[in-house]
Amino acid sequence: MAPLPITLAARLLPTAVLAIVGWSMSATGGSGADAQSRTPGSPNPSASSSASGSGSTSNASYSKPPAACTSITAATLKKLVPGVKPAGKELKLTDPTHRTGCSWNALKGFDYRWLDVTFEIASAADGTATPQSAAQVAHQTYVSQKQSTALSGIGNEASVSTSLTKDDGQQTQEAVLVVRQGNALVTVTYNGSDFENKKAPSAAEVSTGAQAAAKEALAALGKASTVAS
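This report concerns the structure included in the present document.

Turning our attention to the packing of aromatic side chains. Overall, the coordinates contain one aromatic pair when judged by the stated rule. When the ring of Y112 is compared with that of F195, the centres are 6.3 Å apart and the planes differ by 70°; the resulting orientation is edge-to-face. On the criterion of sequence distance, the pair formed by Y112 in strand β3 (residues 111-121) and F195 in the loop between β7 (184-194) and α5 (203-224) is long-range, its members being 83 residues apart.

Okay, structure coming up:
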């Protein structure tokens, strides 16, 4: 069995350290909702839609984010991040009353996978010159973070992008998904590498995995938060 590459040692730094420095396992920038430095994708056709969206959850108002480390089921974690401990690592964000996040990563054999999920709850901008509802504020934030490919069937509006990077010959494939539901934003980052052959999972695989995690995160949001009609 070949020795592990130096790149892997860097990727296995403690998650707490990675969260502090905002490093998310690829050259694309920080992970989750803090990844505002990530280069946005091409315009999303749905980005200009009304902040109210459509469907029964379009005006949902959530008072606080859920505990992020319990938002993804053990079965899904086992599938997306083989070998991971379901407890995850809580991300230390600036305001836990409005933002929470959790990260999971594991190496099984030479296959490495990383997943993080962050929640952000927007508040109404009542004190501004042009008052905005919490959902409108969340919509504007979504537009600023939207990814290149629009998705349907997830929240009020959602988009995803994938990117393949190479560092010292090692490939990493990453998907970033942003979804808004009412006044809540969820960001999912999912990536992986195969350190034996220096390849990476396909773009379709990481995109599908990110969507599965996002759907569970939205379900956790509904169970953990107060929904106003």
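For the structure on display, the rule yields one disulfide. Residue pairing for C69: its cysteine sulfur links by disulfide to C102, the two sulfurs lying 2.1 Å apart. Across the S-S bond of C69 and C102 the torsion is about 95°, and the bridge reads as right-handed. In this pair, C69 sits in the loop between α2 (15-21) and α3 (74-80) while C102 sits in strand β2 (residues 99-108), placing the two residues 33 residues apart along the sequence. Accessibility assignment for this pair places C69 and C102 in one class, buried.

Once that is clear, we can look at the side chain of E157. Assignment of secondary structure puts E157 in strand β5 (residues 157-167). Residue class for E157 comes out buried when judged on its relative accessible area of 3%. One polar contact links E157 to H139, side chain to side chain, over a distance of 2.6 Å. A polar contact is formed between the side chain of E157 and the side chain of R180, at a distance of 2.6 Å.

Let's shift gears to the nonpolar core. In this structure, W104, L115, V117, L177, V186 and V188 are the most contacted members of the largest nonpolar core, which totals 34 residues. Counting only elements with at least two residues in this core, the list comes to α3, β2, β3, β5, β6 (170-181), β7 and α5. Here this core takes seven residues from α5, the largest share from any one element. With near-sequence residues (within four places) excluded, L115 lies in contact with L77, L80, V81, C102, S103, W104, V188, T189, Y190 and A213. Core analysis: the next-biggest nonpolar cluster, separate from the first, contains seven residues, A122, V137, A138 and Y142 among them.

Right, let's talk about the pattern of salt bridges for a bit. This model, assessed by the stated rule, comprises three salt bridges. The salt bridge involving R99 is made with E120; its shortest N-O contact spans 4.0 Å. Of this pair, R99 sits in strand β2 while E120 sits in strand β3, placing them 21 residues apart in sequence. Judged by relative accessible area, which is 14%, R99 ranks as buried. What makes E120 partly exposed here is its relative accessible area of 21%. Residue E157 is joined to R180 by a salt bridge in which the shortest nitrogen-to-oxygen separation is 2.6 Å. Separated by 23 residues along the polypeptide, E157 in strand β5 and R180 in strand β6 bring together distant segments of the chain. Owing to a relative accessible area of 0%, R180 belongs among the buried residues under this scheme.

How each quantity is defined
Residues numbered from 1 in each chain as written. Predicted model: local features only at pLDDT ≥ 70, side-chain atom pairs only at ≥ 80, totals over all residues. Heavy atoms only, no water. Phe/Tyr/Trp six-rings, centres within 6.5 Å; stacked < 30°, edge-to-face > 60°. Helix = DSSP H or I, 4+ residues; strand = E, 2+ residues; numbered from the N terminus. Disulfide = S-S within 2.5 Å. Buried < 20%, exposed > 50% of the residue type's maximum accessible area, 1.4 Å probe, protein only. Polar contact = N/O pair within 3.5 Å; in protein donor to acceptor, adjacent residues only side chain to side chain. Core = buried A, V, L, I, M, F, W, Y, C linked by side-chain atoms within 4.5 Å. Contact = heavy atoms within 4.5 Å. Salt bridge = Lys/Arg side-chain N within 4 Å of Asp/Glu carboxyl O.

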